[in-house]
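Close look at the chain arrangement
Single-letter residue listing:
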Amino acid sequence: MIRILIAEDEPGIALGLEDDLTMEGYEVEVVADGNTASRRAVESAFDLILLDVMLPGKDGFDVCRELRRRGMKTPILILTAKAQEAEKVMGLELGADDYVTKPFGTRELRARIKALLRRSRGEESECYSFGEVEVDFARGELRRRGEVVELTPLEFKLLELFIRSRGRVLSRERLLAGAWAPDTFASDRVVDNHIANLRRKIEPDPANPRYLRNLRGLGYRFDG
Ligand code: CA
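In this numbering scheme, every chain counts its residues from 1 along its sequence in written order. Only residues with pLDDT of at least 70 get local features here, since the model is predicted, and only at 80 or more are side-chain atom pairs given and counted; chain-wide, interface and lining totals rely on the full set of residues. Excluded from the side-chain calculations are hydrogens and water; all other atoms, namely the structure's heavy atoms, are used.

The next point concerns the overall build of the protein. Each helix is a run of DSSP H or I of at least 4 residues and each strand a run of E of at least 2, with the numbering of both proceeding from the N terminus. Check the secondary structure of the protein and you find eight helices and twelve strands. Its C-alpha radius of gyration of 19 Å places the protein within 12% of the 17 Å reference for a compact globule of 224 residues. Projecting the C-alpha coordinates of the protein onto the three principal axes gives extents of approximately 55 × 35 × 30 Å. Counting over 224 residues, the protein shows a buried share of 44%. A separation threshold of at least 6 residues defines the contact pool for the protein, and within that pool the share at least 24 residues apart is 55%. A distance of 4 Å separates the average location of the 37 positive side-chain charges in the protein from that of its 40 negative side-chain charges. Here the globule rule reads 2.2 Å times residues to the power 0.38, and the radius of gyration is calculated from C-alpha atoms. Three labels apply to residues, based on accessible area from a 1.4 Å probe with only protein chains included: buried if under 20% of the type maximum, exposed if over 50%, partly exposed otherwise in between. When checking whether two residues touch, look at their non-hydrogen atoms; a contact exists if any pair is within 4.5 Å. Two residue types count as positive, namely Lys and Arg, and two as negative, namely Asp and Glu; His and chain ends fall outside the count. Throughout, a charge is located at the NZ atom of Lys, the CZ atom of Arg, the CG atom of Asp or the CD atom of Glu.

Time to look at the domain arrangement of the protein. These domain limits were set by an automatic method or by a database of domain assignments. Examined at the domain level, the protein breaks down into domain 1 (3–120) and domain 2 (149–222). Put simply, the middle of domain 1 and the middle of domain 2, counted by C-alpha atoms, are 27 Å apart. Listed by partner, the interface residues are six residues for domain 1 and five residues for domain 2. When two components associate, each loses some accessible surface as probed by a 1.4 Å sphere; the sum of these losses over both components is called the buried area. With both sides pooled, the region where domain 1 packs onto domain 2 buries about 480 Å², and carbon together with sulfur makes up 39% of that total. By the criterion of area lost to domain 2, the three top residues of domain 1 are Leu92, Glu93 and Arg119, representing 77% of everything that side buries. In the sections that follow, a salt bridge refers to a side-chain nitrogen of Lys or Arg positioned within 4 Å of a carboxyl oxygen of Asp or Glu. Applying the counting rule to domain 1 against domain 2 returns zero salt bridges. Looking at side-chain class alone, the side of domain 1 that touches domain 2 contains two nonpolar, one polar and three charged residues. Each residue gets one label: Ala, Val, Leu, Ile, Met, Phe, Trp, Tyr, Cys and Pro are nonpolar, Asp, Glu, Lys and Arg are charged, and the others, such as Gly, are polar.

The subject of this paragraph is the sheet that holds strand β9 (residues 147–149). With antiparallel pairing, four strands are arranged side by side in an open sheet as β6-β7-β8-β9. Each end of this open sheet is capped by a strand with a single partner; those strands are β6 (127–130) and β9. Geometrically, the sheet is characterised by an average inter-axis angle of 30° between neighbouring strands, direction not taken into account. Note on pairing: DSSP must find at least two bridges between two strands before they are called paired. In this structure, β6 lies alongside strand β7 (residues 133–136), joined through four bridges in antiparallel fashion. Within the sheet, the bridge partner assigned to tyrosine 128 lies in β7 and is valine 135. Simply put, an axis is a line fit to the C-alpha atoms, just over the touching stretch for a helix, and the angle between two N-to-C directions goes from 0 to 180 degrees. With respect to the sheet, helix α8 (residues 188–202) is in contact with β6, β7, β8 (141–144) and β9, its orientation differing from that of β8 by roughly 50°.

The next point concerns the layout of surface pockets. Detection works on a 1 Å grid of protein atoms alone, calling trapped sets that fit a 1.4 Å probe cavities and calling open sets with protein on both sides within 12 Å along at least five of seven lines pockets, with lining residues defined by an atom within 4 Å of a point. Grid points are joined across faces, edges and corners, and a volume is the space filled by probe spheres set on the points. Considered as a void within the structure, the largest pocket measures approximately 1,200 Å³ in volume. Lining the largest pocket are 33 residues, with Arg68, Arg174, Ala177, Gly178 and Ala179 positioned closest to its centre. Among the elements that take part in the lining of the largest pocket, helix α7 (residues 172–179) stands out by supplying six residues, more than any other. Its residues assigned to classes, the lining of the largest pocket comprises twelve nonpolar, six polar and 15 charged. Counting only domains with at least three residues in the lining of the largest pocket, you end up with domain 1 (3–120) and domain 2 (149–222).

Next comes the structure, spelled out in structure tokens:
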């Protein structure tokens, strides 16, 4: 059974979510503050976390940051009350996978949950292919037209991060947080250099990248 943790302090919304997701066949646990959310997420294996931003104790951003710092990969869907771009971007940069803005429709929320669960199940697959390239996560290997291409551990981590977040823009900060060791200092240019190296290994024409796109002022997106 798929287990969802809901961290929401407004009883009406929490109850509505609990009812709706239980009806959908999920096993649901509701907590009403950030500290409990962090604790339960660590204690118990959830398949997805619905995380309100404004929570008593720790806010949703802090919870998200903390869980990602612990290396937890559970998909996190942020519930934000404000339709402000800054808040959405912040949630995604802290490692959330998606967000919905309150008030949301149950149909939209269900669709987002399903998409995230599908994506996270896809992540468990051992291989991913695009173009001439096959990435074997179990062996930590990249093959191009069947031939092994040497990647540095950092390049492999970057590629893995892109594949797991395909179709989504990743800022340089997000790439730094996801692929570099914690507390390493690396500039934007270092990120760009590693991406240039990676492109040479995966792109048919590295000068006109098809898979690793740069979005000016935003970051990079993998379309594979
Ligand atoms: Ca709240």
